[in-house]
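# Remarks on the overall topology
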Amino acid sequence: MDKIVIEGGAKLEGRVAVSGAKNAAIPILAATLLAEGESVIEGVPDLRDITSMARILSCLGASVNREEEGVVRVQVLNEDAVEAPYDLVSTMRGSFCVLGPLLARRQKARVSLPGGCVFGLRPIDLHVKGLSRLGAKISLEHGYVSAEAGTLYGSDMYLGGPSGSSVLGTANVLMAATLAKGKTVIECAAMEPEIQDLSHFLVKMGADIKGIGGPRLVVRGVERLTGARHRIIPDRIEAGTFLMAGALAGGDVLVSGARPDHLSAVLDKLQSMGIDLRVEEDGIRVRGNGRPSPGDATTLPYPGFPTDLQAQLTTLFCRAKGISIVTERVYADRFIHAAELNRLGARIRKDGASVIVEGVESLSGAEVMASDLRASAALVLAGLVADGTTEIRRVYHIDRGYEKIELKLSKLGARISRVTTSEGESSEPSSSPAESHLEPVMPGSPYLDTREPPC
Ligand code: EPU
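Residues numbered from 1 in each chain as written. Predicted model: local features only at pLDDT ≥ 70, side-chain atom pairs only at ≥ 80, totals over all residues. Heavy atoms only, no water.

### A word on the confidence of the model for the protein
Selection rule: Here pLDDT means the predictor's own confidence in every residue, given as a number from 0 to 100. The contact definition used throughout considers only heavy atoms, calling two residues in contact when any of these lie within 4.5 Å.
Averaged over all residues, the pLDDT of the protein equals 92, while 92% of them reach at least 70. Low confidence marks residues 426–443, where pLDDT is under 50. Its contacts with residues over four positions away, or in another chain, come to 33 contacts. The low-confidence segment residues 448–453, where pLDDT is below 50, has five contacts with residues more than four positions distant or belonging to other chains.

So this is what it looks like as C-alpha cells:
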C-alpha cells in the first residue's frame, strides 16, 4: 500500500494548475442518467471517486469512456437496472445522488444507504423529504433506500436541515424535479458552485431552472432531456489547499485556474492572517511571508468558509503566531486530523465542535495516518513545513480527491514522493474489496473492468 514521504522545509515556487472539481463532476456524471443521447464532460479529474462513480453508471446501463485530457463520454444504453449496490455506494457517498435521476427516468430506484463516515453521522432525511414532496414513495429497508413513483409532480419545499442546506440533497431533488410535471420550488437550496455547475449542465440538457446560485431554485419540469457537452469548474478545494501550501511553505506560487469568485471566504480568511495573495488573470498568486497571524474560522455552507478546507486551515493555524479557534458548523466531529497533527508537534485541543490551536515555531516530522480525504491533505501540508521526514500512511484517501498531488507539489519544489510498500511490510488493513480493484484509468479505456464485474 502506498505512503507519501515528505522531507520538510523546501520552498515552493512556480505555477500549479487546478483540476476539475470532484464534487461538481460527481453529480454531473449522475445527471447523465437523465439524458437521451451522449453527454461529453470535459475537465473530469482522474480520481478514485470518479472511477467509483463511473463504475456505478456502468452498472446502471451506461457506457462510460475516458479520453485524453479528462474528457468523459457517457451514454445510457440500457435503462433496466435500478439498483446501486452497497459495495459501490459504500466506497463513495457522493454516488447516492444517482437516486434522483433513477427515480425521474426509470420510475424506480434502490440505492444503498451510504452509512456514516469518520466525521460522524451523515443523514439523508433531506433527500427523502424532497423526493417525497415530488410524490415518490420511499422506504428504508435492509440498508437500502427504495423509491418509486409512476409520475413525479412539482411541489414547493423547504430543504434546510440543522446545518442549513444540503449539497447532495439539493442535487438529488433538483435532478428529479427537472423531469417532474409542473413547477418545483426548492427553498434553502445549496448555493455551492458545484450545485451551480450541475444546474448549468442540466440547463444545457434542456432543463428549465431559475435562481441558479441563489437559495431559491425554481424548476419547471420538461418532457425530456438530451445529452450535452460541459466543462467542469475548477476545484475550489484543491485551489484552497495549494494556496495554503504556498502560504505555509514560503516562496511564490501561482495557483492557475483558481476562481476568486468561488473562494471569497477563503481569501478573506487568509488575508486576515496577513498572507500575501494577489488575484491575477489566470489564477491566484500566494507569497509566503513567514508565520501567519492567528485567527478564527467557522465552517458554514457556501458562501461561508468550506468544511472541506477546515483541516487544511487548521494546519495553517498550527504555524500561526498565537492562538486560533476553528469551529465546525457543518460536521461537528470532523476533527480526526487533530490528533495526527499533534503527533507532528502541533498543540491542538478539542472543545465541543471547536478546536483551539496554539501556534508553534516548528513542527517535527513523524509517521502519521490519513483518516479521510481532507485530513490527508492537512497532513501533507504539515509535512511540507515539518523538520525532517513525515510519512503519511493510508494515502488512498487522498487519491479520492486530489489528482496527482505529489507530482504537482514536487514540480513546485517540494521534496515529496510516493512509496509503494510491499505487502509484508505494511501493517495496515487492506482497502475494501470494492476499492482494491480500482486501478488508474488509461485514456481511451472504458471505466468498467469487465474481467471483474462488480454488479
Ligand atoms: N444533512 C442533514 N440531512 C441530510 C443531508 C445532510 O442533516 O439529509 C446535514 C449533514 O449532516 C451536514 C450538512 O447537512 O451537517 C451538510 O451536508 P451535505 O448534505 O451538504 O453534505 P453532502 O452533500 O453529503 C457534500 C460534499 C462533501 C462536503 C459537504 C459539505 C460531495 C460529493 N460531497 O457532501 O465533500 O463536505 O457537501 O460541503 O459533494 C469532500 O469532498 O471531502 C467531502 C466530504
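There's more to say after this.
### A short note on the pattern of salt bridges
The condition is simple: Note on definitions: salt bridges are taken to be side-chain nitrogens of Lys or Arg within 4 Å of carboxyl oxygens of Asp or Glu. Where helices and strands are cited, they refer to DSSP runs of H or I of at least four residues and of E of at least two residues respectively, numbered from the N terminus.
The final tally for this structure, using the stated rule, is 29 salt bridges. Linking Glu79 and Arg105 is a salt bridge whose minimum nitrogen-to-oxygen distance equals 2.9 Å. Taken together, the residues Glu79 in the loop between strand S6 (72–76) and strand S7 (83–84) and Arg105 in helix H4 (residues 99–106) connect sequence positions 26 residues apart. Through salt bridges that share partners, Asp252, Asp276, Arg278, Glu280, Arg285 and Arg287 make up one connected network.

### Remarks on the packing of aromatic side chains
Note the cut-off: Pairing of aromatic rings covers Phe, Tyr and the six-membered ring of Trp, with a centre-to-centre limit of 6.5 Å; geometry is then stacked below 30 degrees between planes, edge-to-face above 60, and tilted otherwise. Charges are assigned to positions over rings by a cutoff of 6 Å between ring centre and Lys NZ or Arg CZ, combined with an angular limit of 35 degrees from the ring normal.
Counted by the stated rule, this structure contains zero aromatic pairs. The ring of Tyr144 has Arg110 lying over it, and the distance from NZ or CZ to the ring centre is 4.0 Å.

### Overview of the sheet that holds strand S8 (residues 108–112)
To keep things clear, this is the line we draw: Pairing between two strands requires that DSSP report at least two bridges joining them. Axis lines are fitted to C-alpha atoms, over the contacting stretch for helices. Their N-to-C directions set the angle, which ranges from 0 to 180 degrees.
What the four strands build is an open sheet, ordered S7-S8-S10-S9; its pairing is mixed. For this open sheet the edge positions go to S7 and strand S9 (137–141), each flanked by a neighbour on one side alone. The pairing of S8 with strand S10 (residues 144–148) spans five bridges and is antiparallel. Counterpart to Arg110 in the pairing with S10 is Ser146. Sitting on the sheet, H4 is in contact with S8 and S10, with an inclination near 160 degrees to S8.

### A closer look at unusual backbone geometry
Here is the rule: The cut-offs for exposure are 20% and 50% of the maximum accessible area for each residue type, with area from a 1.4 Å probe on protein chains only; residues under the lower value are buried, those over the upper are exposed, and the others partly exposed.
Geometrically, the link from Tyr302 to Pro303 is a cis peptide bond, its omega value of 10 degrees lying close to zero. Here Pro303 is to be found in the loop between strand S20 (296–298) and helix H10 (310–318). Backbone geometry places Arg394, a non-glycine residue, at a positive phi of 60 degrees. Positionally, Arg394 belongs in the loop between strand S25 (389–393) and helix H13 (396–399). For Lys404, which is not a glycine, the phi torsion comes out positive at approximately 50 degrees. Overall, the relative accessible area of 46% leaves Lys404 in the partly exposed class.

### Details of the environment of Ala265
Residue placement: Ala265 occurs in helix H9 (residues 264–272). Look at Ala265 and you get partly exposed, because its relative accessible area is 21%. For the pair Ala265 and Pro306, spaced 41 residues apart in sequence, the C-alpha to C-alpha distance is 8.1 Å. Ignoring sequence-local partners within four residues, the contact set of Ala265 consists of Pro303, Gly304 and Phe305.

### Topic: the side chain of Ser39
Our working rule: Identification of polar contacts relies on pairs of N or O atoms within 3.5 Å, with a donor-acceptor requirement for protein atoms, meaning one able to donate a hydrogen and the other able to accept it, and with residues adjacent in sequence counted only if both atoms are side-chain atoms.
The topology assignment puts Ser39 in strand S4 (residues 39–42). Note on Ser39: relative accessible area 0%, which makes it buried. At 3.4 Å, the side chain of Ser39 and the backbone nitrogen of Ala228 are in polar contact. Beyond its immediate sequence surroundings of up to four residues, Ser39 is in contact with Thr32, Val72, Arg73, Val74, Phe201, Gly227 and Ala228.

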